[in-house]
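Spelled out, the chains give:
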Amino acid sequence: MANINVDSKNERTFDAIVIGSGMSGGWAAKELTEAGLKTLVLERGRNVEHVKDYPTTNMMPWEFKHRGEIPYEIQKENPVVSRCYAFREDAQHFFVLDTEHPYVQQKPFDWIRGYQVGGKSLLWARQTQRWSQYDYDGPARDGYAVEWPIGYKDIAPWYDRVEKFVGISGNKDGLPQLPDGVFQPPMDLTCVEQYFIDQMAEHYPNRPVIIGRCAHLTDPQPIHFKQGRVQCQYRNLCQRGCPYGGYFSSNSSTIPWAAKTGNMTLRPNSVVQSIIYDDKKEKVTGVRVIDAETKETIEYYGRIVFLNASTLNSNLILLNSTSNRFPNGLGNDNGLLGKYVAFHNYRGKISAQYEGFMDRTTSGRRPNGGYIPRFRNVFEQETDFLRGYAAGLSAFRSTERDYDGIGKSLKEGLTNTELGPWHVGSHMMGETIPRESNHVSLDPNKKDEWGMPLLDVSVDYTDNEEKMLQDFFEQMTAMYEKAGFTNIKTRDTKQAPGLDIHEMGGVRMGKDPKTSLLNKWNQLHTCKNVFVTDGACMTSTSTQNPSLTYMALTARAVNHAVDEMKKQNL
Ligand SMILES: Cc1cc2nc3c(=O)[nH]c(=O)nc-3n(C[C@H](O)[C@H](O)[C@H](O)COP(=O)(O)OP(=O)(O)OC[C@H]3O[C@@H](n4cnc5c(N)ncnc54)[C@H](O)[C@@H]3O)c2cc1C
Ligand code: SF4
């Protein structure tokens, strides 16, 4: 029930409502406000203002109480988030603790979350690759999951638009499987990475290796200065929040940009409980919010709603939005809401050494790495598993110290450092096939502190992922051997799904309302004034890091929504 003590209904009415202020919500806010729409951005977490709310950004290692580590007690109580490599003392405050926001795991699933203005855009590793037509063709080619309703040509101009604004560093590599974008100068490769690239070009001409494409400013343009952002200083402390705005986050870029239009109202501490469907008007009229601090219920109204609460939270909100017309969740006529969730298979790691280039080393820090684009099953099906994997690449030398000894000899051992051999490493980023059995639903009994049902997650690996993992080990070992690397070791991290932080699906796009939830413009087939443009909309996952595609889909959907509003269709 609406609380009559809050602002009048008029003051709670907007042209558009955006749920979530993270990577995709920030883009929805920017595009909607630039188009002149009075836009309400609802964010369940606290406000995080660029620079002002980055408390650790300039701290020295010795200034951290626990020298950068998370205390054992916190780790013990929060095993899920503690498994994320970035959950360290310097960025701890941007992560959700397991204890604060419980969920139900039917099968192990590490759900990594950031609940604040900016969401996980503060924490991401900033890798940004476009999808190619081969990626969009995946489901149609092998018949698993439904066909995408869009292809590369539909989204290419939106990748352009996003890349220009965000600022992407990368090299134009001319690869059909990984289209080039609007790039700023690429970061450097180390000599061993370059050597590996040359070796692969000789021995595996169909397996190109490149420098990663990442959302850092290496040559900022006027559009970035207007955002108040300057060139990346290569500090490599990005997860603390960057005072230079050297990397892209909603906080440094889209949210302040939207604020400057004068059209945005940002309301932090607003837990969206459900989206309100009006049976008579046959459309959504607004959203129901629980104030995170006072716990009061407030309703807000708008002509359109953009749902950008992150993949699984967007599923949760839709499942929790029931009405006479939609008793099983908003837009869920076909019963597929929450189903066909997929993720990325990050289980494979390989490491090695290289004895050459002992007269060379690196200096400075590089917030990026090398990238091996997918080379399996790209142009045709060639293995006994479906789809493929990409991989990272890094090669560096580290200082070695002698930790043995005591007293004077220990001090000498610690201070007399030597450079060791080159260490080389790669990690696998594999596509998983969306399956009906991988799904999320609402727990019928358990609720959180704000009265929201707990999300019940049932997502697992299949035989396809096991086969892919073995192939990664075999192929990468052969490639490393060809390059003359030694001491090659492979490792199955056995990590649970979710730790890849690329969970997608549950509200997938498609051509047919019988088999999908969203149309080609990210509108619910059965409720056109609701747009879902975060990872929940993804029909398949391919191997690329997904956020660039979420941002491009969001910009594209907003453009369509604004057009439709002008035509009075929404
Ligand atoms: C350590 C790490 C490394 C990563 N590296 C990469 C990478 O290199 N490349 C890449 O592409 N991706 C990467 N990612 C993933 C990337 O961060 C996500 O894909 C991206 O942030 C998703 O955007 P989003 O808008 O869907 O969700 P988010 O950015 O998580 O934003 C969702 C927002 O919605 C809010 N919200 C949730 N529920 C509600 C509710 N009920 N009411 C109101 N608000 C709500 C949340 O508080 C949050 O602020 C990484 C993530 C992490 C944590
Ligand atoms: S590496 Fe660049 S983006 Fe990251 S903290 Fe440093 S200056 Fe900022």
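Computed from a predicted structure; not experimentally measured. (Residues numbered from 1 in each chain as written. Chains lettered and ligands numbered in written order. Predicted model: local features only at pLDDT ≥ 70, side-chain atom pairs only at ≥ 80, totals over all residues. Heavy atoms only, no water.)

Mind showing me how you'd approach the pattern of salt bridges here?
With the rule as written, the count across this model stands at 33 salt bridges. A salt bridge links Glu-449 to Lys-295, with the shortest nitrogen-to-oxygen separation between them at 3.2 Å. Of this pair, Glu-449 sits in the loop between strand E17 (439–447) and strand E18 (453–458) while Lys-295 is found in the loop between strand E9 (283–291) and strand E10 (297–307), placing the two residues 154 residues apart along the sequence. What makes Lys-295 partly exposed here is its relative accessible area of 36%. Because the salt bridges share partners, they merge into one network encompassing Asp-135, Asp-142, Arg-374, Arg-387 and Glu-431. (Salt bridge = Lys/Arg side-chain N within 4 Å of Asp/Glu carboxyl O. Helix = DSSP H or I, 4+ residues; strand = E, 2+ residues; numbered from the N terminus. Buried < 20%, exposed > 50% of the residue type's maximum accessible area, 1.4 Å probe, protein only.)

I tried to follow the site of ligand 2 on my own but got confused; where do I start?
Around ligand 2, the surrounding shell holds 13 residues, and the nearest of these are Cys-232, Arg-235, Asn-236, Cys-238 and Cys-242. Residue composition of the shell around ligand 2, grouped by class: 8 nonpolar, 4 polar and 1 charged. (Near = heavy atom within 4 Å. Nonpolar A, V, L, I, M, F, W, Y, C, P; charged D, E, K, R; others polar.)

Help me out: how do you make sense of the pairing of strand E13 (residues 348–354) in this one?
Looking along a regular strand, one sees side chains alternate from face to face of the sheet. With 5 of 7 residues buried, E13 lies mostly within the body of the structure. Here 5 bridges tie E13 to strand E19 (residues 486–492), and the two strands are oriented antiparallel to one another. Bridging across to E19, Gln-353 finds its partner in Thr-486. Summarising the sheet, E13 and strand E16 (residues 418–431) pair through 6 bridges and their orientation is antiparallel. Its bridge partner being in E16, Tyr-354 is matched across the sheet by Trp-422. (Pairing = 2+ DSSP bridges.)

In this structure, what is going on with helix H1 (residues 23–34)? I would like to understand it.
It helps to recall that an α-helix has 3.6 residues per turn; residues three or four apart then point in one direction. Under the 1.5 Å per step criterion, the end-to-end length of H1 is 17 Å for 12 residues, consistent within 8% with the ideal 16 Å. Taken across its 12 residues, H1 has 11 buried, putting it largely inside the fold. Turning to H1, its buried residues are Met-23, Ser-24, Gly-25, Gly-26, Trp-27, Ala-28, Ala-29, Lys-30, Glu-31, Leu-32 and Thr-33. Phi for Gly-36, located one or two positions after H1, is positive at around 95°. (Expected span 1.5 Å × (residues − 1).)

Is there a simple way to explain the nonpolar core in this structure?
Soluble globular proteins: nonpolar side chains tend toward being buried together. Grouped together as the largest cluster of nonpolar side chains are 99 residues, with contacts concentrated most on Ile-19, Ile-275, Val-287 and Leu-330. Examining the composition of this core, we find that 8 residues originate from one element, helix H5 (residues 152–166), more than from any other. The residues touching Val-287, leaving out its near neighbours within four places in the chain, are Ile-17, Ile-19, Leu-42, Val-272, Ser-274, Ile-275, Ile-276, Ile-298, Glu-299, Tyr-300 and Val-305. By size, the runner-up hydrophobic cluster in this structure holds 30 residues, among which are Met-200, Ile-350, Leu-469 and Phe-485. (Core = buried A, V, L, I, M, F, W, Y, C linked by side-chain atoms within 4.5 Å. Contact = heavy atoms within 4.5 Å.)

What's the story with the packing of H1 against H5 in this structure? I'm lost.
Running from N to C, H1 and H5 cross one another at 100°; their axes reach a closest spacing of 13 Å. The orientation of H1 with respect to H5, classified from their angle, is roughly perpendicular. The segment H1 lies against H5, with Trp-27, Lys-30, Glu-31 and Glu-34 engaging Arg-161, Val-162, Phe-165 and Val-166. (Axes fitted to C-alpha atoms, helices over the stretch in contact; angles between N-to-C directions. Parallel < 35°, antiparallel > 145°, perpendicular 65-115°, else oblique.)

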